[in-house]
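Structural overview
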Amino acid sequence: MYANINRQDLVEAAADCLGRAQIALPPWVEERISKASLEEKNPVARSNLQAMLDNLRIAREQEVPICQDTGLAVFHLEIGQQCSIKFDVNSALAEAVRLATRKVPLRPNAVDPISRKNTGDNTGPGVPWIMTEVIEGETVRITAFPKGAGSENMSVVGMLNPADDPLDFVVREVAKRAANACPPLFLGIGIGGTFDEAAALAKRALLREPKEGPLEMGLLSRINALGIGPMGLGGSNTALGIRIETACCHTASLPVAVNFQCWANRSASALVREDGWIVS
Amino acid sequence: MDRILRTPAKLEDILDLEAGDFVSLSGRIYTARDKAYAAIRERGAPVDLVGSAIYHCGPIMQDGRVICAGPTTSSRLTRYTEEMLDRGVRIFIGKGGLPGDSGLIRGRAVYLAYTGGCGAAAARQLKAVRSHLPDLGMAEAVWELEAIDMGPMIVAMDAHGRDIYEEVRSSVRTRLAGKTDSD
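Residues numbered from 1 in each chain as written. Chains lettered and ligands numbered in written order. Predicted model: local features only at pLDDT ≥ 70, side-chain atom pairs only at ≥ 80, totals over all residues. Heavy atoms only, no water.

1. Notes on the overall build of chain B
The number of helices and strands found in chain B is 6 helices and 9 strands. Compactness check: chain B gives a C-alpha radius of gyration of 16 Å against a globular reference of 16 Å for 183 residues, within 12% of the reference. For the C-alpha atoms alone, the extent of chain B along its principal axes is close to 60 × 35 × 35 Å. Of the contacts made within chain B by residues no fewer than 6 positions apart, 64% connect residues no fewer than 24 positions apart. Carbon together with sulfur atoms contributes 47% to the accessible area of chain B, which is approximately 7400 Å² in total. Taking the average place of the 24 positive charges on the side chains of chain B and the average place of its 25 negative ones, the gap between the two points comes to 4 Å. (Helix = DSSP H or I, 4+ residues; strand = E, 2+ residues; numbered from the N terminus. Rg over C-alpha atoms; globule rule 2.2 N^0.38 Å. Contact = heavy atoms within 4.5 Å. Areas by Shrake-Rupley, 256 points an atom, 1.4 Å probe, with all protein chains shown as cover. Lys, Arg positive; Asp, Glu negative; His and termini not counted. Charge placed at Lys NZ, Arg CZ, Asp CG, Glu CD.)

Here it is as structure tokens:
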């Protein structure tokens, strides 16, 4: 028996996720910013972190986007093996983006890469970007992960020599790039795989909470020791969390991807079932 | 205690500020980013920029209201700094600074950092007056806005040659080099 997923449910759930993601951060993200603001000694850094916390409160109260860069729409779909989807998911999610663009409202950000002409509704070829995973079960879990340009523009993939140290590469690149990515940052890091797999691993790493493993914590303390600080104006909080995902790679390769995420680490999820959808 | 700035700003208002000062600003400001800067170079400025404040921002506007309007990355716009100074701009507002331009703005302008991502807070401090170059679209048009106690902002690059971003970058380079030496 398969669970039939209704197109209208997916459209509504996706539009709702995209809207919620813009207005309030996941509680764990806000907690980390709050903790950083208590720890900072640098007055400029403290002022920046306090401004972020004030901004989050205002966005929630007024139900407006946290940041005017409402991003390029990215969706992550975890599709249960027992689900049956008899419609075009791409067009359904594009419809959801158009709905959210009018309702929230979102800033029209999607442009043709050559002509730079704005499509006006945040959709177009390849947008929204949809990542899928097949999992156990009979529901579809959808996560909206709008990605602003400030931090995405700083992201990088390096095809290293296997003799290189991938963590040294990350520290060097973060040292160069963090200030313009609206720190304090969350870093998704993909090590291994192919060129594109490393980037996908890095993006997926950002969809989950940071890890507190020895590699992540070591890297976090090296990055915070650089003193770049909130908004690049100095301080002890340059990154608030890191997650590293790895895959096996060719014996002659060492791909390393660093996906930068600004402090406004926005995402929201919903579960779509045969009988409707719920906030998750 | 915040320093208070008003536009149009005089040279002495600017010279009075030092890197690290907290500032709030009131008066007319103009948004301009990538396409607006290019259009101003090509077609001329749609408004008088003498003593003005330029805000590197692509806002969300709806029904004549500012919904969300935080700063965008200023480093993309450094190729136009000199031209904007020649047009009389005294205050640049954005995030990330104007890398390499502290010599250019010395004695002429200041750079104020508004906390990136704080668009909801900024919108409460800004009222829409009118749009210029609306053909560039919502994010890229020049929006004339009335700022009311816009802040807190930090003087990140002052008119005396100090640039906090550059000071941080330089200290990061030293720390990176130190690490390599001891490895």
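This is not the end of the story, as more comes after the structure.
2. Describing the interface of chain B and chain A
In many analyses, interface size is given as the accessible surface area lost on bringing the parts together. Contact residues are listed per partner, giving 37 residues for chain B and 36 residues for chain A. Both faces considered, chain B and chain A share a buried interface measuring about 3000 Å² in area, 64% of it formed by carbon and sulfur atoms. Here chain B is connected to chain A by 0 salt bridges. In this structure, the connection of chain B to chain A is made through 13 residue pairs in polar contact (both at pLDDT 80 or more). For the side of chain B that touches chain A, the elements supplying multiple residues, two or more each, are β4 (60-62), β5 (65-68), α5 (119-123), β9 (142-157) and α6 (164-182) of chain B. Tallying contributions element by element places α6 of chain B first for the side of chain B that touches chain A, with 7 residues. Considered class by class, the residues forming the side of chain B that touches chain A number 21 nonpolar, 10 polar and 6 charged. (Buried area = accessible area lost by both parts, 1.4 Å probe. Salt bridge = Lys/Arg side-chain N within 4 Å of Asp/Glu carboxyl O. Polar contact = N/O pair within 3.5 Å; in protein donor to acceptor, adjacent residues only side chain to side chain. Nonpolar A, V, L, I, M, F, W, Y, C, P; charged D, E, K, R; others polar.)

3. As for unusual backbone geometry
At the junction of V127 of chain A and P128 of chain A, the peptide bond is cis and its omega measures out at 0° in the coordinates. Of note, the bond from G151 of chain B into P152 of chain B is cis; its omega dihedral lies within 30 degrees of zero at 0°. With respect to the helices and strands, P152 of chain B occurs in strand β9. For M231 of chain A, which is not glycine, the phi torsion reads 60° and is therefore positive. Among the secondary structure elements, M231 of chain A is positioned in the loop between α8 (214-224) and β8 (239-246). On the basis of relative accessibility, which here comes to 4%, the residue M231 of chain A falls in the buried class. (Buried < 20%, exposed > 50% of the residue type's maximum accessible area, 1.4 Å probe, protein only.)

4. Quick notes on helix α7 (residues 195-206) of chain A
All names here are of chain A. If you check α7, its first and last C-alpha atoms are 18 Å apart, about what 12 residues at 1.5 Å a residue would give, namely 16 Å. Of the residues making up α7, those classed as buried are A198, L201, A202, K203, A205 and L206. Tucked into the core, α7 has its buried residues touching β4 (129-135), α5 (149-152), β7 (185-191), β8 and β9 (254-261). (Expected span 1.5 Å × (residues − 1).)

5. Some remarks on the packing of helix α2 (residues 27-39) of chain A against helix α3 (residues 43-62) of chain A
All names here are of chain A. Two elements in contact, α2 and α3, have axes separated by 9 Å at closest approach and are oriented at 145°. Once α2 is placed against α3, the crossing between them reads as left-handed. Across the interface between the two elements, E30, I33, S34, A36, S37 and L38 of α2 pack against R46, L49, M52, L53, L56 and R60 of α3. The residue inventory of the contact of α2 with α3, partitioned by class, reads 7 nonpolar, 2 polar and 3 charged. (Axes fitted to C-alpha atoms, helices over the stretch in contact; angles between N-to-C directions. Left-handed = near helix turned anticlockwise from the far one by under 90°.)

6. What about the side chain of T101 of chain A?
Residues and elements named next belong to chain A. Structurally, T101 can be placed in helix α4 (residues 89-103). With relative accessibility at 10%, the residue T101 sits in the buried group. Aside from chain neighbours lying at most four places away, what touches T101 is L106, D121 and N122.

7. Notes on the domain arrangement of chain A
All names here are of chain A. For chain A, the assigned domains are domain 1 (1-24 + 66-148 + 265-279) and domain 2 (149-263). Distance between the C-alpha centres of domain 1 and domain 2: 26 Å. Facing 12 residues of domain 1, the contacting portion of domain 2 comprises 14 residues. When the buried surface of domain 1 facing domain 2 is broken down by residue, F145, K147 and N265 rank first, second and third, together holding 52% of it. Joining domain 1 to domain 2, the criterion identifies 2 salt bridges. Linking R204 and E133 is a salt bridge whose minimum nitrogen-to-oxygen distance equals 2.8 Å. Viewed at the interface, domain 2 and domain 1 are joined by 8 residue pairs in polar contact (both at pLDDT 80 or more). Within the side of domain 1 that touches domain 2, the residues separate by chemical class into 3 nonpolar, 5 polar and 4 charged. (Domains from an automatic or database assignment.)

8. Examining the sheet that holds β4 of chain A
All names here are of chain A. Pairing is mixed across the open sheet formed by 5 strands, whose spatial order is β4-β2-β5-β10-β11. Bordering the open sheet on either side are β4 and β11 (276-279), each of which pairs with just one other strand. Ignoring which end each strand starts from, the neighbouring axes of this sheet average 20° apart. Summarising the sheet, strand β10 (residues 268-273) and β11 pair through 4 bridges and their orientation is antiparallel. From the neighbouring strand, A270 faces β11, where its bridge partner is V279. Across the sheet, α4 touches β2 (74-80), β4 and β5 (140-144), and the angle it forms with β2 is around 135°. (Pairing = 2+ DSSP bridges.)

9. Considerations on the pattern of salt bridges
Residue and element names in this part refer to chain A. Throughout the structure, instances matching the rule amount to 35 salt bridges over all chains. In this structure, E173 engages K176 in a salt bridge whose closest nitrogen and oxygen atoms are separated by 3.3 Å. Here E173 and its partner K176 are both found in helix α6 (residues 166-177), 3 residues apart, which amounts to about one turn of the helix. Classification of K176 by relative accessible area gives exposed; the value is 62%. Put simply, R177 and E173 hold a salt bridge, and the shortest N to O gap is 2.7 Å. Note that R177 and E173 are positioned in helix α6 at a spacing of 4 residues, about one turn of the helix.

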